[in-house]
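As a plain string of letters, each chain reads:
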Amino acid sequence: MEQSIDRNSDPQYIGKNLLQNIKTWQQELAEGFSNTDEICNYLNISQADKNFISPSDFPLKVPVEFADRMEKGNINDPLLKQILPSKDEDVATLGFTDDPVGDISSLKETGVIHKYQGRVLLIMTGSCAINCRYCFRRNFPYNDIQLSTKKHLNAIKYIQNHPNVSEVILSGGDPLLLNDQKILSLMRQIESIPHIKRIRIHSRIPIVLPSRITEEFCSKLSTIKKDLILVVHSNHANELNNSVQLACIKLKKANITLLNQSVLLKGINDNAQQLCALHEKLFTFSIMPYYLHLLDKATGTAHFEVNQQQAVDIMNQIKKSLPGYLVPKLVREQAGACNKIVIA
Ligand SMILES: *Cc1c(COP(=O)(O)O)cnc(C)c1O
Ligand code: SF4
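Keep in mind that what you see is a predicted model, and the values were worked out from it rather than measured. (Residues numbered from 1 in each chain as written. Chains lettered and ligands numbered in written order. Predicted model: local features only at pLDDT ≥ 70, side-chain atom pairs only at ≥ 80, totals over all residues. Heavy atoms only, no water.)

Asker: Please clarify how the overall build of the chain should be interpreted in this entry.
Answerer: Each helix and strand in the chain was counted, giving 13 helices and ten strands. Taken along the three principal axes of its C-alpha coordinates, the chain extends 60 × 50 × 40 Å. Residues counted as buried form 53% of the 344 residues belonging to the chain. Sequence-distant contacts, at least 24 apart, represent 81% of the contacts inside the chain between residues at least 6 apart. Split by element, the accessible area of the chain, about 15300 Å² in all, is 49% carbon and sulfur. When the 39 positive and 35 negative side-chain charges of the chain are each reduced to one mean point, those points stand 8 Å apart. (Helix = DSSP H or I, 4+ residues; strand = E, 2+ residues; numbered from the N terminus. Buried < 20%, exposed > 50% of the residue type's maximum accessible area, 1.4 Å probe, protein only. Contact = heavy atoms within 4.5 Å. Areas by Shrake-Rupley, 256 points an atom, 1.4 Å probe, with all protein chains shown as cover. Lys, Arg positive; Asp, Glu negative; His and termini not counted. Charge placed at Lys NZ, Arg CZ, Asp CG, Glu CD.)

As structure tokens, this is what we get:
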């Protein structure tokens, strides 16, 4: 990452959209924003408005192409608010902890979380293409538990030894951050286990870095002989542009079922109108709603919390406006529980 690029005047970035076509997704990832000053300059957010911090443990990270969907000069932009570190993160709040969903205690092997019956989750990497400030895994000891290629064998053995597991979930971090070869080689191994019916991928990358969804990758995925499901993560209709739609078309062509999960976030999408717009737009991209999560109470995220009663009220309004198939399930993760708790 070159820290001092001025994207508003550097000739390399003028006509960026033209250049983007010939850049690889890895380059786009590497050229993303990694500090607060840089993105504020790019978006014309004035110094006076700043109430930000530059945390070192969970730094700012945003692809330029995601930042381009934000409104310039708007400190309250719903996409900007998801990624801009704020001083509120330093406020300690009762009930907010480092492992709010009890994942660490569900760790069976390095990188293998088996908390829910019939499904195991593999932590493919600790990194993401974007750092969402509200993330429940922001304080997670990833480096210790992520699945390295060497440890794949143990994970595969674990799945082989559990015949009641029918679905493997590739998660992270963001599993699509890995290269095609790594993803496909793991999928091939999973594919060879007879009791596995489905492989699910949890990824925000089709939304935040759609160029990663290449024709080549999709055609490789289409050769996997299990049902494939991709659960994307989008919180606001402004996140969905033409590039995202193109990625979805490629994924659908590979016969992949597309679902969306969102997090209910204060000041970002905590009203019925926004959420209806999001789900109507997702449908035009062939993405069906799955979950709307209440915030997991991770340290440093309390300022994003929408309480359960408000959430239920919002859901009731959504149900009045949308057909049933466009209404997500409002859920909450509870440490120790053996499934997500459906609230509405
Ligand atoms: C949500 C989740 C799953 C998948 O649960 P579904 O209800 O099948 O989507 C699996 N493992 C963990 C740790 C989860 O948080
Ligand atoms: S993409 Fe998902 S896992 Fe990654 S930081 Fe955002 S919410 Fe967390």
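Resuming the write-up.
Asker: What's the story with the site of ligand 1 in this structure? I'm lost.
Answerer: Around ligand 1, the neighbouring residues are Asp103, Ile113, Lys115, Tyr116, Arg119, Leu121, Ile169, Arg200, Tyr290, Tyr291, Glu333 and Lys340. Here arginine 200 contributes a side-chain N or O atom positioned 2.8 Å from an oxygen atom of ligand 1. The separation between an oxygen atom of ligand 1 and a polar side-chain atom of tyrosine 290 is 2.6 Å. About the coverage of ligand 1: the protein hides 91% of its 380 Å² of free accessible area. Because more than half of its atoms lie within 2 Å of the grid, ligand 1 is assigned to the largest pocket. (Near = heavy atom within 4 Å. Polar contact = N/O pair within 3.5 Å; in protein donor to acceptor, adjacent residues only side chain to side chain. 1 Å grid on protein atoms, 1.4 Å probe; cavity = no way out; pocket = protein on both sides within 12 Å on 5 of 7 lines; lining within 4 Å. Sits in = over half its atoms within 2 Å of the grid points.)

Asker: I keep staring at the domain arrangement of the chain and nothing clicks. Help me out?
Answerer: Many structure descriptions define interface size as the accessible area lost when the parts assemble. Taken as a whole, the chain is organised into domain 1 (11-90) and domain 2 (104-342). Between domain 1 and domain 2, the C-alpha centre-to-centre distance is 23 Å. The interface is formed by 23 residues belonging to domain 1 together with 33 residues belonging to domain 2. Among the residues of domain 1 in contact with domain 2, Trp25, Phe58 and Gln82 are the three that bury the most area, contributing 33% of the side total. (Domains from an automatic or database assignment. Buried area = accessible area lost by both parts, 1.4 Å probe.)

Asker: Would you take a moment to explain the site of ligand 2 for this structure?
Answerer: Ligand 2 sits among Cys128, Ile130, Cys132, Cys135, Arg204 and His233. Placement of ligand 2 is best described as lying within the largest pocket.

Asker: How should the side chain of asparagine 269 be read in this particular structure?
Answerer: Relative to the assigned elements, asparagine 269 resides in the loop between strand S7 (257-263) and helix H12 (272-284). For asparagine 269, a relative accessible area of 0% translates into the label buried. A polar side-chain atom of asparagine 269 sits 2.7 Å from the main-chain amide nitrogen of leucine 265. The contact partners of asparagine 269, leaving out residues within four places of it in the chain, are Asn235, Val263, Leu264, Gln274 and Leu275.

Asker: Explanation requested: the pairing of strand S4 (residues 167-171) in the structure shown.
Answerer: Regular strands show a simple pattern: their side chains alternate between the two faces of the sheet. Burial within S4 is extensive, with five of its five residues counted as buried. Alignment of strand S3 (residues 119-123) against S4, held across five bridges, turns out to be parallel. Residue pairing for S4: leucine 122 is matched across the bridge by leucine 170. With four bridges joining them, S4 and strand S5 (residues 198-202) adopt parallel strand pairing. Its bridge partner lying in S5, valine 168 is registered against isoleucine 199. At this point the chain moves from S4, through helix H8 (residues 180-191), to the parallel S5, and the crossover so formed is right-handed. (Pairing = 2+ DSSP bridges. Right-handed = clockwise from strand over helix to strand, strands pointing away.)

Asker: Hey, could you run me through the environment of arginine 138 in this one?
Answerer: In this structure, arginine 138 sits in the loop between S3 and helix H6 (142-145). Taking the C-alpha atoms as reference points, arginine 138 and glutamate 109, 29 residues apart in sequence, are found 21 Å from one another. Aside from chain neighbours lying at most four places away, what touches arginine 138 is Phe58, Glu89, Arg133, Thr299, Gly300 and Thr301. Polar contacts involving the side chain of arginine 138 include one to the side chain of glutamate 89, which spans 2.9 Å.

Asker: Would you mind showing me how to read the sheet that holds strand S10 (residues 341-342) here?
Answerer: Two pairing modes exist for strands in a sheet, parallel and antiparallel, and in both the strands are linked by backbone hydrogen bonds. Read from one edge to the other, the open sheet built from ten strands follows the order S1-S2-S3-S4-S5-S6-S7-S8-S9-S10, with strand pairing classed as mixed. One side of each edge strand has no neighbouring strand; the edge strands of this open sheet are strand S1 (107-109) and S10. The sheet strands contacting helix H7 (residues 152-160) are S1, strand S2 (112-116), S3 and S4, and the helix crosses S3 at an angle near 175 degrees. Together, S7 and strand S8 (288-293) form the strand contacts of H12, whose direction differs from that of S7 by roughly 165 degrees. (Axes fitted to C-alpha atoms, helices over the stretch in contact; angles between N-to-C directions.)

Asker: Looking at this structure, how should I read the nonpolar core?
Answerer: As a rule of thumb, soluble globular proteins bury nonpolar side chains together. By size, the foremost hydrophobic cluster in this structure holds 91 residues, and its most contacted members are Ile39, Met70, Leu122, Leu170, Met187, Ile190 and Ile318. Two domains each donate at least three residues to this core, and these are domain 1 (11-90) and domain 2 (104-342). When sequence neighbours within four positions are dropped, the list of residues in contact with methionine 70 reads Ile39, Leu43, Val62, Asp77, Leu79, Leu80 and Ile83. Grouped together as the second largest cluster of nonpolar side chains are seven residues, Ile113, Ile123, Phe140 and Tyr142 included. (Core = buried A, V, L, I, M, F, W, Y, C linked by side-chain atoms within 4.5 Å.)

Asker: For this particular structure, what's the right way to read the packing of H12 against helix H13 (residues 308-321)?
Answerer: Two quantities define a packed helix pair, namely the angle between the helix axes and the distance between the axes. Taken N-terminus to C-terminus, the directions of H12 and H13 make an angle of 50 degrees; their axes are 9 Å apart at the nearest point. When the axes of H12 and H13 are compared, the pair comes out oblique. As H12 runs across H13, the sense of the crossing is right-handed. When H12 is examined against H13, the residues Ala272, Leu275 and Cys276 are found in contact with a partner set consisting of Ile314, Gln317, Ile318 and Ser321. Classifying every residue of the contact of H12 with H13 gives five nonpolar, two polar and no charged. (Parallel < 35°, antiparallel > 145°, perpendicular 65-115°, else oblique. Left-handed = near helix turned anticlockwise from the far one by under 90°. Nonpolar A, V, L, I, M, F, W, Y, C, P; charged D, E, K, R; others polar.)

Asker: Please explain unusual backbone geometry as it appears in this structure.
Answerer: Only a minority of non-glycine residues have a phi that is not negative, and only a minority of peptide bonds are not trans. Residue glycine 173 is bonded to the preceding glycine 172 through a cis peptide linkage, with omega at 15 degrees. Counting through the fold element by element, glycine 173 comes out in the loop between S4 and H8. Backbone geometry at asparagine 255 places phi at a positive 70 degrees, although glycine is not the residue there. Examined against the element boundaries, asparagine 255 turns out to sit in the loop between helix H11 (242-253) and S7.

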